[in-house]
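# Architecture at a glance
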Amino acid sequence: MPPPPGSRFFFNSLLDCTKQKDLQKGKALHAQIIRVGCSSCIYLANSLVNLYAKCGNLAKAKLVFDNISHRVVVTWNCLINGYSQQGSSGSLYAMKLFQDMRAENTMPNAHTFAGIFTAASYVTNAAVGFQAHALAIKMSSFYDVFVGSSLVNVYCKAGLVSDARKVFDRMPERNSVSWATMISGYAIQRLAVEAIHLFEFMRCEGEVLNEFVFTSILSAVTNPEFLDSGKQIHCLSVKNGLLAFVSVVNALVTMYAKCESLDDSCRMFELSSDKNAITWSAMITGYAQSGNSRKALKLFSKMHHSGLYPSDFTLVGVLNACSDVVAVEEGKQMHNLVVKLGFESQIYIMTALVDMYAKCGCMEDAQKGFSCLKEPDLVLWTSMIAGYVQNGHNEVALSLYCKMQMEGIVPNELTMSSLLKGCSSLASLDQGQQIHAHAIKYGLGSEVPVGSALSTMYAKCGCLQEGNLAFKRMPRRDAVSWNAMISGLSQNGYGMQALQLFEEMRREGTKPDHVTFVNVLSACSHMGLVEKGRTYFRMMSDEFGIVPRVEHYACLVDVLGRAGKVTEAKEFIESATIDHGLYLWRILLSACRNHRNYELGAYAGEKLLELGSPESSAYVLLSSIYTALGRAEDVERVRSVMKDRGVNKEPGCSWIELKSHVHVFVVGDEMHPHIGEIRGAIKRLSKQMKDELYESTCDFSSAVDI
DNA sequence: GCCGCATTAG
């Protein structure tokens, strides 16, 4: 039935307002409709629901909806689709409405299903999607191409990509949206090969390749392995004239950056004539994620000067760049921007902010950021826990984990690996085992980060066998896992086994990283393997393209120094092409002391004095060398420099675990609230050691007497 | 009415 003649004007006007999303004009029309008494006309009422829903005023849409006495399917669709377009915040309402509609015996149509499936795609629980799917099949709505495409999307977003493919294959009719959705489903699951196959299939079928298809397929090949495919797709997009779409250019910028082909990525960025916020974000993130954080920061200020406002995505990228280079000042400026732009409740931003402060060692600021969010999610909790662990506040991290559990948040593998790292630093076997038990309870025992952290934890606590077991049980291993076990062996005095494991790692084809070489070189130094040390140092850059860092130089200086080759070590330091500062001279100084090469020791010590070493040990070593050389004047000079610079000898610190609690204490500590218990425990331990005839190489008497 | 491009924790 057509609308009554008098309503035609209102009907068309409302349609215009909805198209233009002009809420002001729409409200005026609404008032007019009420005044002339047309508000009971179902066509106008539906149009009003649609207007408010499309303009995002769902409360008002619902109000009009509630006042309609005889709702038809279109009435429901307008409100359901309004809610589903709100994304994750509206999708539950949309699903509830769908159930109410069914309860009123109103039959859904294809529009209803398209809307309800869109809502379901935002909800991780696919149950309502399944129900609606069943009903759609029953009602044959499934044959509608819109319904089919949105259903494919439901399964893709729920991670059920093979179910999505089943729906896709059974669709009687497909359009470019269906194909793009399916390809993007593979992309989300990082199934590049499947995505490429489907894309090829699509081309064979002669489907139209539009910008949506290209953005989807490009996001599937964001891995160095698929750089060649990426380049071919790039060519195809040029052939199809799609570089005119900024979205395709953006996808290319990202593809090349993620394929570690940063030059190509920059070229795409430079070539694009109409950059939008996504283009800038893509390039900034590309820089930040490829170790070019300084460039990322520079590009951000360029974006800022161009007058474009950063989006939440941009800020996350920039904050990551700040934490990467420990740029706390720039990070604080970003924080101001976050506040200014009203992003303080955006969880991705706040997580990046917390992470930035934690990496810069500002745990108080990190804690403040954390407290800004009423409902922190698992990632934020984990970032906070990881931050405390990174900064050595391991106890705080463990108690934060208890709080997290009380909030009902279930941990994942990264939470567990951070906590285990905390237990390793505390050398607390007891707490480490508890976290291990939790990992098993939550089904995280076979996760790579957990297995690696377990090997480290057990090895640090002296339980090498358990560490090895954790390593062997891992279903797959990455570089971090191998590093954990290699370092565990090396630190427990099994240097040869550590090197053997490194050779096994090479055989298995896992690419070592810079941490691997720190472990390998330090194993060489423990074993006194000078020649092997030199070989591995060269191998690092020659075979694996890893630029040696100061810690690698330090290891080799240590290798040479321990073997008594102090002159060679000195020459090595002076030929080093990096800014090594104090670090390497200090190692040489103590090597010279141990090998009684006092002349070279004095040389190294004077270098340290020149460079203004903040550590007391350097001054103490140097003055002891001058004492041995009988140069009393120099002894006096070193002492006075030390005094002038306000360098104090730091007190030795130790810790002990009592009743699952780790107590840190220093020599001469009288202030510690548990000093009595600590002393008691040390006395018991030393008696036990004597009883078991432990040959002590150290003098424990001072520790017992604290 | 259905699809895409940029983001968080080891």
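Residues numbered from 1 in each chain as written. Chains lettered and ligands numbered in written order. Predicted model: local features only at pLDDT ≥ 70, side-chain atom pairs only at ≥ 80, totals over all residues. Heavy atoms only, no water.

Chain A appears in an unreviewed UniProt entry as Pentatricopeptide repeat-containing protein from Erythroxylum novogranatense.

### What to know about the pattern of salt bridges
Per the stated rule, a full pass over the model turns up 17 salt bridges. Across the pair E606 and R637 runs a salt bridge, and its minimum N-O distance is 2.7 Å. In this pair, E606 sits in helix 36 (residues 598-611) while R637 sits in helix 38 (residues 632-644), placing the two residues 31 residues apart along the sequence. Taking relative accessible area as the criterion, E606 reaches 22% and is therefore assigned partly exposed. (Salt bridge = Lys/Arg side-chain N within 4 Å of Asp/Glu carboxyl O. Helix = DSSP H or I, 4+ residues; strand = E, 2+ residues; numbered from the N terminus. Buried < 20%, exposed > 50% of the residue type's maximum accessible area, 1.4 Å probe, protein only.)

### As for the protein's contact with DNA strand B
Around DNA strand B, a shell composed of 48 residues is seen, among which F146, K157, S247, Q390 and N412 lie nearest. In the interface set of DNA strand B, defined as its atoms within 4 Å of the protein, sugar plus phosphate atoms amount to 37%. Take Y348: an N or O atom from its side chain is 3.1 Å from a base oxygen of DNA strand B. Residue composition of the surface near DNA strand B, grouped by class: 13 nonpolar, 27 polar and 8 charged. (Near = heavy atom within 4 Å. Polar contact = N/O pair within 3.5 Å; in protein donor to acceptor, adjacent residues only side chain to side chain. Nonpolar A, V, L, I, M, F, W, Y, C, P; charged D, E, K, R; others polar.)

### Overview of helix 28 (residues 464-473)
Three or four residues apart is the spacing at which side chains of an α-helix point the same way, because the helix has 3.6 residues per turn. The complete set of buried residues in helix 28 reads L464, G467, A470 and F471. Buried residues of helix 28 fall within an arc of 120° about the axis and therefore sit on the same side. With respect to the buried face of helix 28, the exposed residues turned more than 90 degrees away are Q465 and R473. As for helix 28, its buried residues are in contact with helix 27 (448-460), helix 29 (479-491) and helix 30 (495-508). (Arc of directions from axis to C-beta. Contact = heavy atoms within 4.5 Å.)

### Description of the nonpolar core
Side chains of a nonpolar character, in soluble globular proteins, are inclined to be buried together. Ranked by size, the top nonpolar core spans 153 residues in total, and within it F117, M182, F199, F214 and I217 carry the most contacts. Once residues within four sequence positions are removed from consideration, F214 is found in contact with F199, L209, I233, L236, S237, N240, L242 and V248. Judged by nonpolar contacts, the second largest core, of 60 residues, contains M485, L499, V520 and A576. (Core = buried A, V, L, I, M, F, W, Y, C linked by side-chain atoms within 4.5 Å.)

### Some remarks on the packing of aromatic side chains
Summed over the entire model, instances satisfying the criterion amount to 18 aromatic pairs. On the numbers, 5.6 Å between centres and 70° between planes, the contact of F502 with F517 is edge-to-face. Here F517 lies in helix 31 (residues 514-527) and F502 lies in helix 30, a separation of 15 residues in the sequence. Note that R174 overlies the ring of F168, its terminal NZ or CZ placed 4.6 Å from the centroid. (Phe/Tyr/Trp six-rings, centres within 6.5 Å; stacked < 30°, edge-to-face > 60°. Lys NZ or Arg CZ within 6 Å of the ring centre and 35° of its normal.)

### Brief notes about helix 17 (residues 277-288)
Given a rise of 1.5 Å per residue, 12 residues ought to cover 16 Å, and the 16 Å separating the end C-alpha atoms of helix 17 matches this to within 8%. Counting buried residues along helix 17, 9 of its 12 residues qualify, which places the element largely inside the surrounding structure. Along helix 17, the residues classified as buried are T279, W280, S281, A282, M283, I284, G286, Y287 and A288. Where helix 17 is buried, its residues meet helix 15 (246-258), helix 16 (262-271), helix 18 (293-305) and helix 19 (312-324). One side-chain oxygen of the residue at the start of helix 17 lies 3.0 Å from the amide nitrogen of I278, identifying that residue as N276. (Expected span 1.5 Å × (residues − 1).)

### A look at the UniProt feature "repeat: PPR" (unreviewed entry) in chain A
Under the local residue numbering, the UniProt record ascribes the feature "repeat: PPR" (unreviewed entry) to residues 72-108, 144-178, 276-310, 377-411 and 478-512. For the annotated span residues 72-108, helix accounts for 76% and strand for 0% of the residues, and the straight-line distance between the end C-alpha atoms is 10 Å. Secondary structure content for residues 377-411 is 74% helix and 0% strand, and the end C-alpha separation is 10 Å. (UniProt positions renumbered as here; feature names shortened; annotations may be inferred.)

### What about the environment of M283?
Structurally, the position occupied by M283 is in helix 17. Separated by 257 residues in the primary sequence, M283 and M540 place their C-alpha atoms 30 Å from one another.

### Points about the environment of V167
Note on placement: V167 falls in helix 10 (residues 161-170). Remark: the alpha-carbon pair of V167 and L151, spanning 16 residues in sequence, is separated by 7.5 Å.

### Here's the deal with unusual backbone geometry
Of note, V326 is a non-glycine position whose phi angle comes to about 50°, a positive value. With respect to the element layout, V326 can be found in the loop between helix 19 and helix 20 (328-340).

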